[in-house]
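# Structure at a glance
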Amino acid sequence: MIGLISATAAGAAARDRLAAAWPDRTRVYEGPAGEAVRAAFAECDRLVCFLATGATVRLLAPLLGDKAADPGVVCVDEGGRFAVSLVGGHGGGANELAREVGELLGAEPVVTTATDAVGLAGLDTLGLPVEGAVAAVSRALLDGEPVTLEAESTWPLPPVPFAEQGAYTVRLTDRDVQPDSYEVLLRPPSLVVGVGASKGAPVEEVLGLIEEALRGAGLSVRSVAELATVDAKSEEPGIVAAAERLGVPLVTYPADELAAVAVPNPSDAPLAAVGTPSVAEAAALRNGGELLVPKRKSAATPAMATCAVVRRPGRGRLAVVGLGPGARDLLTPRAAAELRRASVLVGLDQYVDQIRDLIRPGTRVLESGLGAEEERARTAVAEARKGHAVALIGSGDAGVYAMASPALAEASDDIDVVGVPGVTAALAAGAVLGAPLGHDHVSISLSDLHTPWEVIERRVRAAAEADIVVTFYNPRSRGRDWQLPKALAVLAGHREAGTPVGVVRNASRPDESARLTTLAELDPATVDMMTVVTVGNTATRNIAGRMVTPRGYRWQHAPEGAR
C-alpha cells in the first residue's frame, strides 16, 4: 500500500490525482503532516509526501531504522515539477515509484542512486536475494573496476558489466556458504521442496524438517522457490503455514500426476492415503530437476512429515518486444523495462539504433540487417536456451508481421517466453487519419516474399466482398510495383470510386506525412514500403478532412446534408 500525505491545497490536489488513478494501491492520510507521516510509515510499504524535502527529512529522521525494511519514500514539490526518490531507492521501491509518479503527474523523476544514475542494474535490483558486500562491489562496478561473475548454475540475470577476472566477485549460488569481504552472493530460486504430512502435522515439525534437510545438504533456505505437495494436502495447516513462514508459494498437483513421476523411494502408505506412491519426491520432481535430498522423515515419533529437495535448472527467458511505430513516446513502459532487463538484445540494426540509449551497460547486442528475420529468431532462441535473459525486438507489435511468429515457431517449452505488445503501424496511421478502423477491419500484407500472390489476392477479394476496412502493409517496393494496383482493382469492384483512402508514411516519426484521397484518385506510384494504405468500406466518410468509419451503419441512410 502507498500512503499519500499532503499539507497544502496544491499538494492535496496532486495527491487526489494519484488516489484516483491508483484506488487499490493508495491510502490518503489526513490531519497534521507529522502524525500522517508516522502513521503511514508504520502501515504502508511506500509513501508519497507532497511536502518540502527538508520538512519530509525531519519528519522521517526519527522513524528510520533499517534500509532493508523501511518503506520507500518519494517527495513531490508544491509545484508538482519533481518526484524525488528520497529514501529506500532500491529496497523500498522509491526509485521506481518516483518514475511512476512522475509519469502520472507530469513531474520529472529525480533518482540519485548511483547505479541508476549511470544506467547500471543495481545488485539489489536483480530480482534475487542478495547477501554480502553489496556496497563495496557496487562501488567497484561504478568505478569501472573488474568484477567477476561466478555462476554455479545458469540464470537469466539482467545485464551487469562483469569481467573475466577481478578482485571483486558476484557469486550465483544456492549453496549455504558465507560471502567474503569482496563478494556478493545472489540466491537463485532454484530449489523445490516436496512435502508430505499426516493430518494435523504441526508446522514446527514440517518447517524443522525442511530446514534440517537443507542444512544437511549445504543448501540455502533463501534459494527455496516453492513448496510442492499433493492436492489432497493443499489445505493441511502445517504445510500451508510452513510455506507462509518461508515466504514461498505452495504448489499442489493431482495424485494421478504424481503417481506417474518416477521416484527412487515409493511407498505403500501414501498410495493408500492419497492415491500416489510418492508425495514429497514426486512433487519435488514433477517439473524435472536434480534430486539433491531424497525423501526423509521428521525425527518425531511417530514421524508426521516427509520432505525431498530438488534443484531445478535455470530457464532462459525470451521477451519478444514491440517497439511501436518509431516515436519514443509510443514505446510502452513495459517494453522499456524489458530492454533494461535483457542481458542479450537481438534485432534489426535500424531498430537497435532507435533504442540504443535505453540499453544498459553490460548488454550484449546482436544486430543484423534486412532480410535476416529467421536468423535473428534462431539466434534469440539459442541465447535463451543458454540461460540468458533475451529481448528480441521488432517494430510496431512484434506479433504483427514481425518477429514473434518466427521466434515462437523456433522455440519449445524449454524456455520462458514473454510477449510485449506494441502500437502497430495500422493503429498509428489510423490515429493520424482520424478513425478509419471504427468498425470491422483487417490488415493484409501485399508482400509475396513469404505468401503466394494467389493467396493474397484471395484474401483481398474476401475483404472486399465482406465490406471490411483494409489496411495494406508492405504495399509497394521497387521490385514489387504491381501488387498494390491489383489489390486496389479488386476493392474497386465492390466499392465506389469515392471511397476514402488514407495514405500515411512514417507514422509518428519526425518525417511523418499523411493525406486523404479516394480509391479512384490514389496513385500507387506515390506509395513505398514505409507507407500504410487504409481503404475504407462503404460506410467510411471524409468528415472535416478526417477519415471516419462509423461504429454502426446508420450514416449510410442519413440525408446527404447530415453526412
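## Comments concerning the pattern of salt bridges
A full pass over the atoms with the stated rule returns 28 salt bridges. Between Lys-233 and Glu-236 there is a salt bridge, with the nearest N and O atoms lying 3.9 Å from each other. The closest approach of N and O atoms between Glu-338 and Arg-317, which form a salt bridge, is 2.8 Å. In this pair, Glu-338 sits in helix H12 (residues 333–341) while Arg-317 sits in strand S16 (residues 317–322), placing the two residues 21 residues apart along the sequence.

## What about the sheet that holds strand S9 (residues 168–172)?
Read from one edge to the other, the open sheet built from four strands follows the order S7-S10-S9-S8, with strand pairing classed as mixed. Looking at strand neighbours, the two that pair on one side only are strand S7 (130–132) and strand S8 (147–151), the edges of this open sheet. Taken over all neighbouring pairs, the strand axes of this sheet differ in orientation by 20 degrees on average, direction set aside. Sheet analysis places S7 next to strand S10 (residues 183–186), joined by three bridges and oriented antiparallel.

## Details of the side chain of Glu-236
In this structure, Glu-236 sits in the loop between strand S12 (224–230) and helix H8 (237–246). Owing to a relative accessible area of 8%, Glu-236 belongs among the buried residues under this scheme.

## Remarks on the pairing of strand S17 (residues 344–348)
Here S17 lies mainly inside the structure; five of its five residues are buried. Pairing analysis gives five bridges linking S17 to strand S18 (residues 364–368), with the strands arranged parallel. What sits directly across from Leu-345, in S18, is Val-365. Taken together, S17, helix H13 (residues 349–354) and S18 form a β-α-β motif whose crossover is right-handed. Sheet topology note: the S17/strand S19 (residues 389–394) ladder contains three bridges and is parallel. Across the sheet, Leu-345 pairs through a bridge with Ala-391, a residue of S19.

## Re the sheet that holds strand S22 (residues 441–445)
Sheet strands pair via backbone hydrogen bonds, and the direction of the pair is either parallel or antiparallel. An order of S22-S23-S26-S24-S25 is seen for the five strands of this open sheet, with the pairing classed as mixed. Each end of this open sheet is capped by a strand with a single partner; those strands are S22 and strand S25 (513–518). For this sheet, the mean inter-axis angle between neighbouring strands, taken without regard to orientation, is 20 degrees. Summarising the sheet, strand S24 (residues 500–505) and S25 pair through six bridges and their orientation is antiparallel. Considered in S25, the bridge of Pro-500 is made with Thr-518. Seen against the sheet, helix H18 (residues 483–492) touches strand S23 (469–473) and strand S26 (531–535) and runs at an angle of roughly 175 degrees to S23.

## Re helix H1 (residues 9–21)
For H1, with 13 residues, the first-to-last C-alpha span of 18 Å sits near the 18 Å given by 1.5 Å per residue. Turning to H1, its buried residues number three or more, namely Gly-11, Ala-12, Ala-14, Arg-15, Leu-18 and Ala-19. Each buried residue of H1 sits inside an arc of 165 degrees when the element is viewed along its axis, so together they form one side. Exposed and facing more than 90 degrees away from the buried side of H1 are Ala-9 and Ala-20. Contact partners of the buried residues in H1: strand S1 (2–6), strand S2 (26–29), strand S3 (46–50) and helix H4 (94–105).

## Thoughts on the packing of aromatic side chains
Enumeration over the complete set of coordinates arrives at three aromatic pairs. Here the aromatic rings of Tyr-168 and Tyr-182 are separated by 5.5 Å at their centres, their planes lie at 75 degrees, and the arrangement is edge-to-face. Here Tyr-168, found in strand S9, pairs with Tyr-182, found in the loop between S9 and S10; they are 14 residues apart in sequence, far enough to count as distant. An angle of 50 degrees between the planes, with centres 4.7 Å apart, marks the rings of Tyr-401 and Tyr-473 as tilted. Taken together, the residues span a long stretch of sequence, with Tyr-401 in the loop between S19 and helix H15 (404–410) and Tyr-473 in strand S23 at a distance of 72 residues. Relative accessible area serves as the criterion here: at 10%, Tyr-473 is assigned to the buried category. The ring of Trp-22 has Arg-25 sitting right over it, with the charged end atom 4.4 Å from the ring centre.

## Here we look at the environment of Val-442
For Val-442, the location among the structural elements is in strand S22. Counting along the chain gives 200 residues from Val-442 to Ala-242, while the straight-line C-alpha distance between them is 53 Å. When near neighbours in sequence (up to four residues on either side) are disregarded, Val-442 contacts Ala-463, Ile-468, Val-469, Val-470 and Thr-471.

## Re the nonpolar core
Ranked by internal contacts, the top residues of the largest apolar core, which has 25 residues, are Val-193, Val-195, Val-206, Ile-210, Leu-214, Leu-227 and Val-309. Going through the elements one at a time, strand S11 (191–197), helix H7 (203–216), S12, H8 and strand S15 (305–311) are the ones with two or more residues in this core. With seven residues, the single largest contributor to this core is H7. Ignoring sequence-local partners within four residues, the contact set of Val-195 consists of Val-206, Ile-210, Leu-227, Ala-228, Thr-229, Ile-239, Val-279, Ala-280, Thr-306 and Cys-307. Listed in part, the 21 residues of the second largest apolar core include Ile-456, Val-490, Val-501 and Leu-519.

Criteria and cut-off values
- Residues numbered from 1 in each chain as written.
- Predicted model: local features only at pLDDT ≥ 70, side-chain atom pairs only at ≥ 80, totals over all residues.
- Heavy atoms only, no water.
- Salt bridge = Lys/Arg side-chain N within 4 Å of Asp/Glu carboxyl O.
- Helix = DSSP H or I, 4+ residues; strand = E, 2+ residues; numbered from the N terminus.
- Pairing = 2+ DSSP bridges.
- Axes fitted to C-alpha atoms, helices over the stretch in contact; angles between N-to-C directions.
- Buried < 20%, exposed > 50% of the residue type's maximum accessible area, 1.4 Å probe, protein only.
- Right-handed = clockwise from strand over helix to strand, strands pointing away.
- Contact = heavy atoms within 4.5 Å.
- Expected span 1.5 Å × (residues − 1).
- Arc of directions from axis to C-beta.
- Phe/Tyr/Trp six-rings, centres within 6.5 Å; stacked < 30°, edge-to-face > 60°.
- Lys NZ or Arg CZ within 6 Å of the ring centre and 35° of its normal.
- Core = buried A, V, L, I, M, F, W, Y, C linked by side-chain atoms within 4.5 Å.

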